[in-house]
Amino acid sequence: PENLCYLFPNPVRGPRANLTYQLGGSDVQRVTVEVFTVSGERVANFEGPTDAAAGLANQVTWDVDSYASGVYLVLIKVYTSSGSTVKTIRKMAVIK
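Right, let's walk through the structure included here. (Residues numbered from 1 in each chain as written. Predicted model: local features only at pLDDT ≥ 70, side-chain atom pairs only at ≥ 80, totals over all residues. Heavy atoms only, no water.)

1. Some remarks on the sheet that holds strand E2 (residues 16–22)
- Strand order across the open sheet formed by three strands is E1-E2-E5, with antiparallel pairing between neighbours. The open sheet has two edge strands with one neighbour each: strand E1 (5–8) and strand E5 (57–63). Adjacent strand axes in the sheet meet at a mean angle of 20° when their direction is disregarded.
- Both E1 and E2 contribute to a ladder of four bridges, which runs antiparallel. Its bridge partner being in E2, Tyr6 is matched across the sheet by Thr20. (Pairing = 2+ DSSP bridges. Helix = DSSP H or I, 4+ residues; strand = E, 2+ residues; numbered from the N terminus. Axes fitted to C-alpha atoms, helices over the stretch in contact; angles between N-to-C directions.)

What follows is the structure, given as C-alpha cells:
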C-alpha cells in the first residue's frame, strides 16, 4: 500500500537517504529496492530486510555521494510466499 513506504529526507541534500517501508504480513519472502534514473537506467539495487514484525519499519540506506543531482525513481518489490508481488514506486530528488 502507498502509505507504507516513505523516503527521508526528500529532497536529499546530504550523503545518504533512508528508504523505509512497512510490511503488512508474515508471509513476506523477499524485498528488493531498486533505484532508477528518470530515463530508466538502474543505478542501485538492494536486498531489503524482512525481519521487522508486521507494522514495524524496515529500512535500506542509499549512499548518494557518487550520484548526480536529479530525480530518481525508487521501486520497492515485496515477494510473498503465495507467489504474489506487490510493487510501489516513489520519486526522490537528490540536490548537491
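2. Looking at the packing of aromatic side chains
- Per the stated rule, a full pass over the model turns up three aromatic pairs.
- Ring centres of Trp62 and Tyr67 lie 5.1 Å apart, and the angle between their planes is 55°; on these two criteria the pair is classed as tilted.
- Residue Trp62 is classed as buried on the basis of its relative accessible area of 1%.
- Ring centres of Tyr67 and Tyr72 lie 6.3 Å apart, and the angle between their planes is 80°; on these two criteria the pair is classed as edge-to-face.
- A connected cluster of aromatic rings, assembled from ring pairs, spans Trp62, Tyr67 and Tyr72. (Phe/Tyr/Trp six-rings, centres within 6.5 Å; stacked < 30°, edge-to-face > 60°. Buried < 20%, exposed > 50% of the residue type's maximum accessible area, 1.4 Å probe, protein only.)

3. Some words on the sheet that holds strand E3 (residues 28–37)
- Spatially, E4-E3-E6-E7 is the arrangement adopted by the four strands of the open sheet, whose pairing is antiparallel. Unpaired on one side and paired on the other, strand E4 (42–48) and strand E7 (85–94) mark the two borders of the sheet. Within the sheet, the average angular offset between the axes of one strand and its neighbour, ignoring direction, is 20°.
- Bridge count for E3 against E4 is six bridges, and the pairing is antiparallel. What sits directly across from Val35, in E4, is Ala44.

4. Description of unusual backbone geometry
- The omega angle of the peptide bond from Phe8 to Pro9 is -10°, so this bond is cis rather than trans.
- Here Pro9 shows up in the loop between E1 and E2.
- The omega torsion of the bond from Asn10 to Pro11 falls at 15°, within 30 degrees of zero and hence cis.
- For Pro11, the location among the structural elements is in the loop between E1 and E2.

5. Observations regarding the pattern of salt bridges
- This structure, assessed with the given rule, holds three salt bridges.
- In this structure, Glu47 engages Arg30 in a salt bridge whose closest nitrogen and oxygen atoms are separated by 2.9 Å. Taken together, the residues Glu47 in strand E4 and Arg30 in strand E3 connect sequence positions 17 residues apart.
- A salt bridge links Glu34 to Lys77; the shortest N-O distance between them is 3.7 Å. Within this pair, whereas Glu34 is found in strand E3, its partner Lys77 is found in strand E6 (residues 70–80), the two being separated by 43 residues in sequence. Of the two residues, Glu34 and Lys77, neither departs from the other in class, the shared state being buried.
- Among the charged side chains, a network of salt bridges with common partners joins Glu34, Arg42 and Lys77. (Salt bridge = Lys/Arg side-chain N within 4 Å of Asp/Glu carboxyl O.)

Just geometry here; none of it tells us what the structure is for.
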